[in-house]
2 protein chains.
Amino acid sequence: MRILVQKFGGTSVANLECMKQVRAKVLAARERGYKVVVVLSAMSGETNRLLALADEWSSEPDPAETDALVVTGEQVSIALFSMLLKDSGIKARSFLGFQIPIVTSDTFGSARILSIDDSRLRAELETHDVLVVAGFQGCTADGRLTTLGRGGSDTSAVALAAALGSVECEIYTDVDGVYTTDPNLCSTARKLDRITYDEMLEMASMGAKVLQIRSVEFAKKYNVPVHVRSTFTDTTGTLVTQEDSSMEAVLVSGIAYDKDQARITLRSVPDRPGVAAAIFVPLSTNGVVVDMIVQNPSREGVTDMTFTVPRKDLKKTLTLMEGIREETEALEVLHDVSVAKVSAIGVGMRNHSGVAAKAFAALRKENINILMISTSEIKITCLIEEKYTELAVRVLHDAFGLSSNTEH
Amino acid sequence: MRILVQKFGGTSVANLECMKQVRAKVLAARERGYKVVVVLSAMSGETNRLLALADEWSSEPDPAETDALVVTGEQVSIALFSMLLKDSGIKARSFLGFQIPIVTSDTFGSARILSIDDSRLRAELETHDVLVVAGFQGCTADGRLTTLGRGGSDTSAVALAAALGSVECEIYTDVDGVYTTDPNLCSTARKLDRITYDEMLEMASMGAKVLQIRSVEFAKKYNVPVHVRSTFTDTTGTLVTQEDSSMEAVLVSGIAYDKDQARITLRSVPDRPGVAAAIFVPLSTNGVVVDMIVQNPSREGVTDMTFTVPRKDLKKTLTLMEGIREETEALEVLHDVSVAKVSAIGVGMRNHSGVAAKAFAALRKENINILMISTSEIKITCLIEEKYTELAVRVLHDAFGLSSNTEH
């Protein structure tokens, strides 16, 4: 039995017309001889509508009940789509997460998949052509409903593809693939034919919304090729896959950016052991994800400690920093929300020097001041003033030869 | 552990304000020392919204998928209400049908409860004050979601009350009890303090919308007292209960009516064995519920066969009758949709003669022609022209001394 997992996002199931396009994709896979497992998101807007209800009902909605509430979105999608398939004479039925089951941790709102029992689905595929599975959801070992976090349907799909040995996992969305950078921002952005898991992880962590970051981790771990493509066209999309030799020629694959950044500086803290822990342990305990961290070289026994956090966590962060002001002996706590990150990402840069220098030179040429720098094996990130974001993206995109006019 | 089951209908959970009134009822029961099992319907209008989606998606929506779709309505209610309770410091959690489980037959759309496992709920009540259960839903033995039919939340509540040994089952709705007849139609209608299961069954089968008929059958079978009362007042409602000696004084408890009737006559069919079967077997096989049946005395070997069906089934019925025209040798098939049923109901009439005569006399006095008559132990039903429905109800209501002005 050849199984193909196809996942369709919220805009692909937004209404009856869209769902008919989804049906066409499923039927095409059937024609090619696949048994199809279709993973659906909630109709676009539905999850937000339900979350708004929760916020109306409660100032701090219970996470377990919130999950029981929002999973109804996907349930509506799979029931309606199954009806549509059955109307076309397809042997289909819907599956909720708990019916498979997809067992998860009990961290409601961002549960992790612990196991997927593939036996039930395999048995049903003997008598059905298509199984329509609710994305985004699972259940705990004792049967409470859970969700996998925003964009979790991608993870559902990849995990099912891994469990069922799908040849690849097709992720259908409203864009036709992964681009060298945001096409809304840079008209010369190019669709990539292939991208490695690691590059995709960096792109996703920088706010590229095409795939949920955990779905890419999952795909990498189980080596599931992920094909990102459009529901509304027939063109080939982008294959997210293992690195192979043909990819090494490219130095940088994409330019990403993230405006959801706030910078905090603790001025003039004593440069002694324990200070960093005093600052970052409370942040971590309170769920604030710190991104870039820079410590200035010490002068006269004191230093400045600078870091960035998501903007939504700024208020919480400032409160926490005030709470440790005495302990850290910081002279003052400064903050700035008019900042953004831009990154150049590529597995190719591992084997090449000078990528950082090239990026800095390109930004300097436009007088864009670099506030902070961080690097990883396959990424160079610069924090800059937010107003320069678009300019910086375009400049880097050109500098690394990604623009379509440099190729055609 | 003293357990009380309280059920709230769609208008009682229509919005946040209504749900706060529901919370007040639950808290009051807690004050009285009960562990509370709350059964909720979908927010009013929600089930219809979902069914309209199904009809948009499919000309003949798959029943199993329709159930998977519509059960989301109750799921939203219980999640939101549980949040509300937790915000008030109540130890509460939601339960879906499959989580209990409430196991049903696989007749999707009108499933019957086969078993309720009370052990999980009892265990959870040890650590929780209130369990919030989704009404209307269950699951098959292999875990597919089912619904119990329109108004099925009443049945869920009564079944849970039976399983958990609840002192009674409180059914909260937007009216304050069961009336001697429809108060919208007869201004002198009185709220009944008590009514027997059998009387309530007759009232419900005549279209009195207060309780789902199967919930009353369930209550009767397990002898669960059902207290019908209003969410929006504190007055005592109507207790639906076993017959007891104090009730026998009342001849007739209520007057019901039903305009959802169509009358079909097969004219001049041969009066021989097998004709009735030829007519009614195809109706039954095609799911048409025949109500009243009258066969005229035979004249010269032929007779007229007259019966009533719900109006929605008229078209189907006429098609079926045309199909057996030759076989039955009927001269013609007549039909009439301008008819209605009125009934006088009361366990008291069992031991008294003359109730039928009194009803006929009252109708004759107003020149209301009786088209068909059927009687049971505790009910007399007359089919009349629809235009006389309201008049007939008021006349019978007065004739049997039910009007409030005859008491005060």
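What counts as what
- Residues numbered from 1 in each chain as written.
- Chains lettered and ligands numbered in written order.
- Predicted model: local features only at pLDDT ≥ 70, side-chain atom pairs only at ≥ 80, totals over all residues.
- Heavy atoms only, no water.
- Buried < 20%, exposed > 50% of the residue type's maximum accessible area, 1.4 Å probe, protein only.
- Helix = DSSP H or I, 4+ residues; strand = E, 2+ residues; numbered from the N terminus.
- Pairing = 2+ DSSP bridges.
- UniProt positions renumbered as here; feature names shortened; annotations may be inferred.
- Contact = heavy atoms within 4.5 Å.
- Polar contact = N/O pair within 3.5 Å; in protein donor to acceptor, adjacent residues only side chain to side chain.
- Axes fitted to C-alpha atoms, helices over the stretch in contact; angles between N-to-C directions.
- Parallel < 35°, antiparallel > 145°, perpendicular 65-115°, else oblique.
- Left-handed = near helix turned anticlockwise from the far one by under 90°.
- Salt bridge = Lys/Arg side-chain N within 4 Å of Asp/Glu carboxyl O.

Caption draft 1: Spotlight on the pairing of strand E13 (residues 254-270) of chain A. All names here are of chain A. Across the 17 residues of E13, 12 count as buried, placing the element largely inside the fold. Bridge count for E13 against strand E15 (residues 302-309) is seven bridges, and the pairing is antiparallel. Note on E15: the bridge partner recorded for proline 270 is valine 302.

Caption draft 2: The arrangement of the UniProt feature "binding site: ATP" (unreviewed entry) in chain A in detail. Residues and elements named next belong to chain A. UniProt annotation of "binding site: ATP" (unreviewed entry) refers to Lys7, Phe8, Gly9, Gly10, Thr173, Asp174, Tyr179, Lys209 and Val210 when read in the numbering used here. If you trace the backbone, lysine 7 turns up in strand E1 (residues 3-8). Those residues within four positions of lysine 7 in sequence are excluded, and the remaining contacts are Val39, Ser41, Ser153, Asp154, Ala157, Glu170, Ile171 and Tyr172. Polar side-chain contacts of lysine 7 include one of 2.8 Å to the side chain of aspartate 154. Inspection of the secondary structure puts phenylalanine 8 in strand E1. Phenylalanine 8 has contacts with Val13, Val22, Lys25, Val26, Val38, Val39, Leu40, Ser41, Tyr172 and Thr231, leaving out every residue within four places of it along the chain.

Caption draft 3: The UniProt feature "domain: ACT" (unreviewed entry) in chain A, seen in detail. The positions UniProt marks with the feature "domain: ACT" (unreviewed entry) are residues 264-338 and 344-408 of chain A. Overall, residues 264-338 of chain A shows 33% helix and 33% strand. The separation of its end C-alpha atoms is 11 Å.

Caption draft 4: Summary view of the packing of helix H3 (residues 63-70) of chain A against helix H4 (residues 72-87) of chain B. For the pair H3(A) and H4(B), interaxial distance at closest approach is 8 Å and the crossing angle is 160°. Classified by the interaxial angle, the pair formed by H3(A) and H4(B) is roughly antiparallel. In the crossing of H3(A) with H4(B), the sense of the turn from one axis to the other is left-handed. Of H4(B), the residues touching H3(A) (which contributes A:Glu65, A:Thr66, A:Ala68 and A:Leu69) are B:Gln75, B:Val76, B:Ile78, B:Ala79, B:Leu80, B:Ser82 and B:Met83.

Caption draft 5: Local environment of the pattern of salt bridges. Per the stated rule, a full pass over the model turns up 48 salt bridges over all chains. A salt bridge links A:Asp291 to A:Lys341; the nearest nitrogen and oxygen atoms lie 2.1 Å apart. Of the two residues, A:Asp291 is situated in the loop between helix H9 (275-285) and strand E14 (293-295) and A:Lys341 in strand E16 (residues 332-345); the sequence distance between them amounts to 50 residues. Assessed through its relative accessible area of 35%, A:Asp291 is described here as partly exposed. A network of salt bridges, in which partner residues are shared, links A:Arg93, A:Arg120, A:Glu124 and B:Asp142.

Caption draft 6: Up close: the sheet that holds E13(A). Residues and elements named next belong to chain A. Pairing in this open sheet of six strands is antiparallel, and the strands run E14-E15-E13-E16-E18-E17 from one edge to the other. A strand with exactly one partner marks an edge of an open sheet, and here the two such strands are E14 and strand E17 (370-376). Each strand axis lies, on average, 25° off the axis of its neighbour in the sheet, ignoring direction. In this structure, E17 lies alongside strand E18 (residues 379-385), joined through six bridges in antiparallel fashion. Within E18, the position partnered with threonine 375 by the bridge is isoleucine 380. Contacts from H9 reach E13, E14 and E15, with the element oriented near 20° to E15. Where helix H12 (residues 355-365) meets the sheet, its contacts fall on E17 and E18, and the angle it forms with E18 comes to roughly 20°.

Caption draft 7: Spatial organisation of helix H13 (residues 389-399) of chain A. Residues and elements named next belong to chain A. Among all positions of H13, only Thr389, Ala392, Val393, Val395, Leu396 and His397 are buried. In the core, the buried residues of H13 are packed alongside E13, E16, H12 and E18. Directly beyond the C-terminal end of H13, a positive phi value near 65° is found at glycine 401.

Caption draft 8: The arrangement of the sheet that holds strand E2 (residues 35-40) of chain A in detail. Residue and element names in this part refer to chain A. Read from one edge of the open sheet, eight strands run E3-E6-E2-E1-E9-E11-E12-E10, paired in mixed fashion. At either end of the open sheet lies a strand with only one pairing partner, and these are strand E3 (92-95) and strand E10 (194-196). Between one strand and the next, the sheet's axes are offset by a mean angle of 20°, whatever the strand orientation. Note: strand E9 (residues 169-173) against strand E11 (residues 226-230), five bridges, orientation parallel. Across the sheet, glutamate 170 pairs through a bridge with histidine 227, a residue of E11.

Caption draft 9: Here's a closer look at the packing of helix H6 (residues 152-164) of chain B against helix H8 (residues 213-222) of chain B. All names here are of chain B. At their nearest, the axes of H6 and H8 sit 8 Å apart, and the two run at 15° to each other. Of the possible angle classes, the one that applies to H6 and H8 is roughly parallel. Here H6 and H8 pass one another in a crossing that is left-handed. The residues of H8 that touch H6, namely those facing Asp154, Thr155, Val158, Ala159 and Ala162, are Arg214, Ser215, Phe218, Ala219 and Tyr222.

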